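Chain by chain, the residues run as shown.
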Amino acid sequence: MEGRDEALREFDRIILGIDPGTNVMGFGILGVKSSRPYMLDMGVWKMKASDSHYLRLRQIYENVVGVAERYLPDELSIEAPFCGKNVQSMLKLGRAQGVAMAAALSRDIPIAEYEPSKIKMAITGNGGASKEQVRELLRRILSIPASRLDVELDATDALAAALCHFYESSKPAIATGPRSWKEFIAKNPGRVKL
């Protein structure tokens, strides 16, 4: 792709995965070449506990824009907030997710959003899998060296979001036919013989 550095041009697609958070936000970069996914990078952004919530939101925006400018991803896959008991925590998490999405949109990057259980299901086959199980399956699927997995689980969660999107967007389209004979006849009047 034009604009990408030489090492990234070999990939047909690049997917940025984000695991949103206001204290720690994970990111993962997945490259796709010849319909095969490869882990390019992953890590976490740690926000300063002493900063106000608003300064953290600015840091999130700047971090997402920075990684978008470095890798020029074709798509963003982000984990959807889950329902929790603490309303204030959920509000802050939703804001973090929204700011990450706004940063991607500012660079014209399309967004896909997945529930945590859907991501876990796509990677492990179990929507209730632990973060450690997701990390281990990612290691196997993407042939990630164990030395690269010495990161926080937020990073592997973000990479899992990117891989989930790769799987979902790579599924063949299902042809949708008419739902009734009446609809079929209306769409195909020349094929009906009396």
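For the structure given in this document, a descriptive report is provided here. If you're wondering where the values come from, they're calculated on a predicted model, not measured in any experiment.

**A few points about a nonpolar patch on the surface**
Here's step 1: Taken together, the side chains of Trp 181, Ile 185 and Val 192 define a hydrophobic patch exposed on the protein surface, amounting to about 330 Å² of accessible area.
Here's step 2: Positionally, Val 192 belongs in the segment after α6 (181–187).
Here's step 3: A residue is classified by how much of its surface remains accessible, and Val 192, at 33% relative accessible area, is partly exposed.

**Re the sheet that holds strand β3 (residues 36–46)**
Here's step 1: Ordered by their spatial adjacency, five strands build an open sheet running β3-β2-β1-β4-β5, and the pairing between neighbours is mixed. Whereas interior strands pair on both sides, the edge strands pair on one side only; in this sheet they are β3 and β5 (111–114). On average, adjacent strands in this sheet sit at an angle of 20 degrees to one another, irrespective of strand direction.
Here's step 2: Where strand β2 (residues 24–33) lies against β3, 10 bridges are found, and the strand directions are antiparallel. From the neighbouring strand, Gly 31 faces β3, where its bridge partner is Tyr 38.
Here's step 3: On the sheet, helix α2 (residues 87–105) packs against β1 (13–19), β2, β4 (75–79) and β5 and is oriented at approximately 175 degrees with respect to β4.

**Structural notes on the nonpolar core**
Here's step 1: Core analysis: the largest hydrophobic core is formed by 26 residues, its most contacted members being Leu 16, Ile 18, Met 25, Trp 45, Ile 60 and Val 64.
Here's step 2: Put simply, the parts of the chain that give this core at least two residues each are β1, β2, α1 (53–71), β4 and α2.
Here's step 3: With seven residues, the single largest contributor to this core is α1.
Here's step 4: When residues no more than four places from it in sequence are discounted, the contact partners of Met 25 are Ile 18, Asp 19, Pro 20, Gly 43, Val 44, Trp 45, Met 47, Ile 60, Ala 96 and Ala 100.
Here's step 5: Counting 23 residues, the second-largest nonpolar core is a separate cluster that includes Met 42, Ile 144, Ala 155 and Ala 160.

**Here we look at the layout of surface pockets**
Here's step 1: In this model, the largest pocket occupies a volume close to 220 Å³.
Here's step 2: What lines the largest pocket is a set of 15 residues, and nearest its centre among them are Asp 19, Pro 20, Glu 79, Phe 82 and Leu 93.
Here's step 3: For the lining of the largest pocket, the elements supplying multiple residues, two or more each, are α2 and α5 (153–170).
Here's step 4: Examining the composition of the lining of the largest pocket, we find that three residues originate from one element, α2, more than from any other.

**Brief notes about the environment of Leu 8**
Here's step 1: Its place among the elements puts Leu 8 in the segment before β1.
Here's step 2: Using a relative accessible area of 7% as the deciding quantity, one classes Leu 8 as buried.
Here's step 3: Taking the C-alpha atoms as reference points, Leu 8 and Arg 70, 62 residues apart in sequence, are found 9.9 Å from one another.
Here's step 4: If sequence neighbours within four positions are ignored, Leu 8 has contacts with Ile 14, Leu 40, Arg 70 and Tyr 71.

**Brief notes about the pairing of β4**
Here's step 1: Of all five residues that make up β4, five are buried, and the element is covered over most of its length.
Here's step 2: Where burial is concerned, the two faces of β4 agree: the one with Glu 75, Ser 77 and Glu 79 and the one with Leu 76 and Ile 78 are both buried.
Here's step 3: With four bridges connecting them, β1 and β4 associate as parallel partners. By the bridge assignment for β4, Ile 18 is matched with Ile 78.
Here's step 4: In the sheet, β4 pairs with β5 via four bridges, with the strands oriented parallel. When the sheet's bridge partners are listed, Ile 78 is paired in β5 with Glu 113.

**Some words on the side chain of Arg 56**
Here's step 1: Examined against the element boundaries, Arg 56 turns out to sit in helix α1.
Here's step 2: Asp 51 is the oppositely charged side chain nearest to the buried, salt-bridge-free Arg 56, at an N-O distance of 6.2 Å.
Here's step 3: A distance of 2.5 Å separates a polar atom in the side chain of Arg 56 from a polar atom in the side chain of Asn 23.
Here's step 4: Setting aside its immediate chain neighbours within four residues, Arg 56 contacts Thr 22, Asn 23, Met 47, Lys 48, Ala 49 and Asp 51.

What counts, and where the lines are drawn
- Residues numbered from 1 in each chain as written.
- Predicted model: local features only at pLDDT ≥ 70, side-chain atom pairs only at ≥ 80, totals over all residues.
- Heavy atoms only, no water.
- Patch = residues over 30% accessible without salt bridge, like charges linked within 9 Å, V, L, I, M, F, W, Y side chains within 5 Å.
- Areas by Shrake-Rupley, 256 points an atom, 1.4 Å probe, with all protein chains shown as cover.
- Salt bridge = Lys/Arg side-chain N within 4 Å of Asp/Glu carboxyl O.
- Helix = DSSP H or I, 4+ residues; strand = E, 2+ residues; numbered from the N terminus.
- Buried < 20%, exposed > 50% of the residue type's maximum accessible area, 1.4 Å probe, protein only.
- Pairing = 2+ DSSP bridges.
- Axes fitted to C-alpha atoms, helices over the stretch in contact; angles between N-to-C directions.
- Contact = heavy atoms within 4.5 Å.
- Core = buried A, V, L, I, M, F, W, Y, C linked by side-chain atoms within 4.5 Å.
- 1 Å grid on protein atoms, 1.4 Å probe; cavity = no way out; pocket = protein on both sides within 12 Å on 5 of 7 lines; lining within 4 Å.
- Points joined across faces, edges and corners; volume = space filled by probe spheres on them.
- Lys, Arg positive; Asp, Glu negative; His and termini not counted.
- Polar contact = N/O pair within 3.5 Å; in protein donor to acceptor, adjacent residues only side chain to side chain.

Such coordinate-based values are descriptive only and should not be taken to indicate function.
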